[in-house]
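# Survey of secondary and tertiary structure
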Amino acid sequence: MEINMIVLQELLLSNNKEYCMQEMLYRGKTVIFQNNCLTFKNEISFDTYFNMFSSCKWNTYTKISTVSFKISLQGRGKIEVVAGNQDNIKECIIKEIKYNSDKIITIDVLENCPIMHLKDYCYIKILSDGYTSIFNGKYYSNDDIISETKKYALGICTFKRETDVERNIKILIQEILDNKESPLYNLIDVYISDNGNTLPLKKWNQYPFIHIFYNKNYGGSAGFTRTMIESEIYKNDTFYNYIILMDDDILLLPSVFIRLHYFVRVLKDEFKNSIIGGANLNLQKKNIQSETCGFYNAKNGRNIITKQNGLDLCNKENIIFNEKYVNTNFCGWGFSCIPEQVITEQNLPLPLFLHRDDQEYGARTEKKVIGLNGICIWHPKTSGKHPDYIWYYEARNMLIASMSLCPEEMTSKQLKKEMLRMAISSCLAYRYGKAEMILRGYEEFLDGVDNFKKINPEKNHINLIMLSKRDSFLIDKESLLKVKKKSTETKVHILIRIARYFFPSFRDCYVEDECSPSAYVGKRKVFVVNSETKSTYLLEKDWRKTLGIVKKMFVIMRKIDRDYIYIKKEWIEAVKEFKTIDFWKKYLEI
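Let me begin by describing the structure that accompanies this report.

In this section: the layout of surface pockets. In this approach, a probe sized like a water molecule rolls over the atoms, and the result shows the empty space that is left. For the second largest pocket, the calculated volume is near 1,000 Å³. Residue lining of the second largest pocket: 33 residues in total, with Glu10, Leu11, Leu12, Glu175 and Ser255 positioned closest to the centre. Among the elements of the structure, β1 (6-10), β6 (121-141), α2 (162-177) and α5 (255-264) are those that each provide at least two residues to the lining of the second largest pocket. With five residues, the single largest contributor to the lining of the second largest pocket is α5.

In this structure the tally under the stated criterion is three cavities of 30 Å³ or more. Here the largest cavity defines a volume of roughly 60 Å³. The wall of the largest cavity is formed by Met52, Phe53, Ser54, Cys56, Gln86, Asp120, Tyr121, Ile319, Ile320, Glu323 and Asn373. Tallied by class, residues from the lining of the largest cavity come to six nonpolar, three polar and two charged.

Ranked by size, the top nonpolar core spans 99 residues in total, and within it Phe50, Ile71, Ile126, Ile169 and Phe257 carry the most contacts. The element that contributes the greatest number of residues to this core is strand β4 (residues 66-84), accounting for eight residues. Tyr218, Leu245, Ala298 and Ile560 belong to the second-largest nonpolar core, a separate cluster that totals 80 residues.

Bringing the pattern of salt bridges into the picture now. The full count for this structure, using the stated rule, is 33 salt bridges. Put simply, Asp129 and Arg76 hold a salt bridge, and the shortest N to O gap is 3.7 Å. Linking Asp129 in strand β6 with Arg76 in strand β4, this pair joins segments that are 53 residues apart in sequence. In this structure, Asp561 engages Lys416 in a salt bridge whose closest nitrogen and oxygen atoms are separated by 2.5 Å.

Turning next to the side chain of Arg226. Position of Arg226 among the secondary structure elements: in helix α4 (residues 219-233). By relative accessible area, which is 8% here, Arg226 ends up buried. Engagement of the side chain of Arg226 in a polar contact is seen with the side chain of Asn215, the distance being 2.9 Å.

So, on to the packing of aromatic side chains. All told, the structure shown has 30 aromatic pairs when counted by the stated rule. Ring centres 5.6 Å apart and planes at 40 degrees place the aromatic pair Phe452 and Phe578 in the tilted group. Taken together, the positions of Phe452 in helix α11 (residues 449-454) and Phe578 in helix α15 (residues 543-578) put the pair 126 residues apart, joining distant regions of the chain. Look at Phe578 and you get buried, because its relative accessible area is 1%. Between Phe583 and Trp584, the aromatic rings sit 5.8 Å apart at their centres with planes inclined by 80 degrees, giving edge-to-face as the arrangement. A connected cluster of aromatic rings, assembled from ring pairs, spans Tyr218, Phe445, Phe452, Trp571, Phe578, Phe583, Trp584 and Tyr587. Lying across the ring of Trp391, Lys434 places its NZ or CZ 3.9 Å from the centre. When the ring centre of Tyr501 is taken as reference, the NZ or CZ atom of Lys541 above it lies at 4.8 Å.

Attention shifts here to the packing of helix α7 (residues 357-365) against helix α8 (residues 390-405). In contact at an axis separation of 10 Å, α7 and α8 are set at 10 degrees when each is read in the N-to-C sense. What the angle tells us is that α7 and α8 run roughly parallel. For the pair α7 and α8, the contacting residues are Glu360, Ala363 and Arg364 in the first and Ala401, Ser404 and Leu405 in the second. Grouping the amino acids of the contact of α7 with α8 by side-chain chemistry returns three nonpolar, one polar and two charged.

Bringing helix α16 (residues 581-588) into the picture now. Ile581, Phe583, Trp584, Tyr587 and Leu588 are the residues of α16 that are buried. Projection of α16 onto a plane perpendicular to its axis shows the buried side chains occupying an angular sector of 155 degrees, all on one side. Exposed side of α16, more than 90 degrees from the buried face: Asp582 and Lys586 are the residues found there. Those residues of α16 that are buried lie in contact with α4, α12 (457-467) and α15. Looking one or two places after α16, you find Glu589, whose phi comes out positive at around 55 degrees.

A few words now on the environment of Ser255. Counting through the fold element by element, Ser255 comes out in helix α5. The exposure class of Ser255 is partly exposed, given its relative accessible area of 23%. Spatially, the C-alpha atoms of Ser255 and Glu175 are 8.7 Å apart, while their sequence positions differ by 80 residues.

Parameters at a glance
- Residues numbered from 1 in each chain as written.
- Predicted model: local features only at pLDDT ≥ 70, side-chain atom pairs only at ≥ 80, totals over all residues.
- Heavy atoms only, no water.
- 1 Å grid on protein atoms, 1.4 Å probe; cavity = no way out; pocket = protein on both sides within 12 Å on 5 of 7 lines; lining within 4 Å.
- Points joined across faces, edges and corners; volume = space filled by probe spheres on them.
- Helix = DSSP H or I, 4+ residues; strand = E, 2+ residues; numbered from the N terminus.
- Nonpolar A, V, L, I, M, F, W, Y, C, P; charged D, E, K, R; others polar.
- Core = buried A, V, L, I, M, F, W, Y, C linked by side-chain atoms within 4.5 Å.
- Buried < 20%, exposed > 50% of the residue type's maximum accessible area, 1.4 Å probe, protein only.
- Salt bridge = Lys/Arg side-chain N within 4 Å of Asp/Glu carboxyl O.
- Polar contact = N/O pair within 3.5 Å; in protein donor to acceptor, adjacent residues only side chain to side chain.
- Phe/Tyr/Trp six-rings, centres within 6.5 Å; stacked < 30°, edge-to-face > 60°.
- Lys NZ or Arg CZ within 6 Å of the ring centre and 35° of its normal.
- Axes fitted to C-alpha atoms, helices over the stretch in contact; angles between N-to-C directions.
- Parallel < 35°, antiparallel > 145°, perpendicular 65-115°, else oblique.
- Contact = heavy atoms within 4.5 Å.
- Arc of directions from axis to C-beta.

Laid out in structure tokens, this is it:
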């Protein structure tokens, strides 16, 4: 532990386009980055996703009371510190200082500035007479507080993605794990659950900070739970303050770990048990935030979609809006930093294979979930609608999660209501395979706990994939021009769609794979087009399938009326067992 200059945030200068667009780092027209030096002409501004300083969050969640900023540069011009508020974006210059040197100089632009004076956010803007070169810059604090050293376990779950895992591990070794100059050197150990049993153990086990273990392919929930068990429960003499859960196929920026570390080591005592959530950015469109921390409503099994999802993070107003307070209770396990106090032998995730496991666990812990601009990963975006089999897990796991979080709320009436909503809306969208999978999930839940334990998760998943296969074909250029773009759906649209379903349908149409059903209401055949792959699959109105699904719903509702009161008691007791180390040891045979 140390009581001296505490680094809070470093300027990220590298404009490696593999990671992000220039406008996520800085704004300027004539900018060149080479030899770890950023050279620009006339003007540059750091009011960006990675370099704006979120003084409101540092003030709310950390012990920091004063902020300083220093920068090393060469040239002539003026440096401005600009601050502003979130609700009324009227900015003001709180400090400016001139510089003039043909040699590299370090300037203390801000010195012990009360963090309240920085309003909700601040950033650096530089006006140059000609060319200026920037070598580094950092926000820091001289507060007389203890900056606590933290140690992290990085938990990765993978299944036959050797190339992705190797790429990310090599980056971590080079930048952090084997880099003595990194502030995280000797502070991160990597635990990899290999559900495919394909990673070369000898190659990676030569590193003392990398631990790989073969695991049963029982989905992401089993893989991530295995990393928790190995790092937190079977850790021997090593103590970790946090476990960071991370997907295997993401694009990883190593400085994200450093930014996370700088933040958590000065958290206030009341926030030390908080979960720090990383945003999920779109790998194909790197400036788009696919999703961030969310709120899982256990009463109806739905996520409350936040307005931060879908933001363009090159837009300054969006960056400021992204730091506004939102009530959240979970973070996806693409990148989630969980305090070690949360993970115990009696508080492990549920065996849900995939989907809803992170949401249930986050809601169950009842911990504060904090997001921060710059803490993120890039993840491949699944183009189009989810495959049908996902809806089996959506329905089944929503019901199991409710037995853990709020069994009293999931009455037989609520159970029927959610089933009808999900299945009927699927039929109205001509997605009969989706409706079948939803009802399959309900049936498995109602078959009880003993049946659930008998199912082999891996074989079951393979069977679901086979049942969900669609025939697809390439689309010609002429048809591609007819494709309807994404549309929104209001309650009025839904009512119209319900009414229109009962009338004869004649025409065909082409729609984007992310279109709402209102885009093709009343059509006979719908060609759903993936604009990236130029492929399409067919949806077709089918009354026979609709009536078959309605018949099955009535059968399930009768079973709910007859058996649900007893089945519910079974599940309430079972989920208590599923959370324990004793269950997981038997389940994974470890």
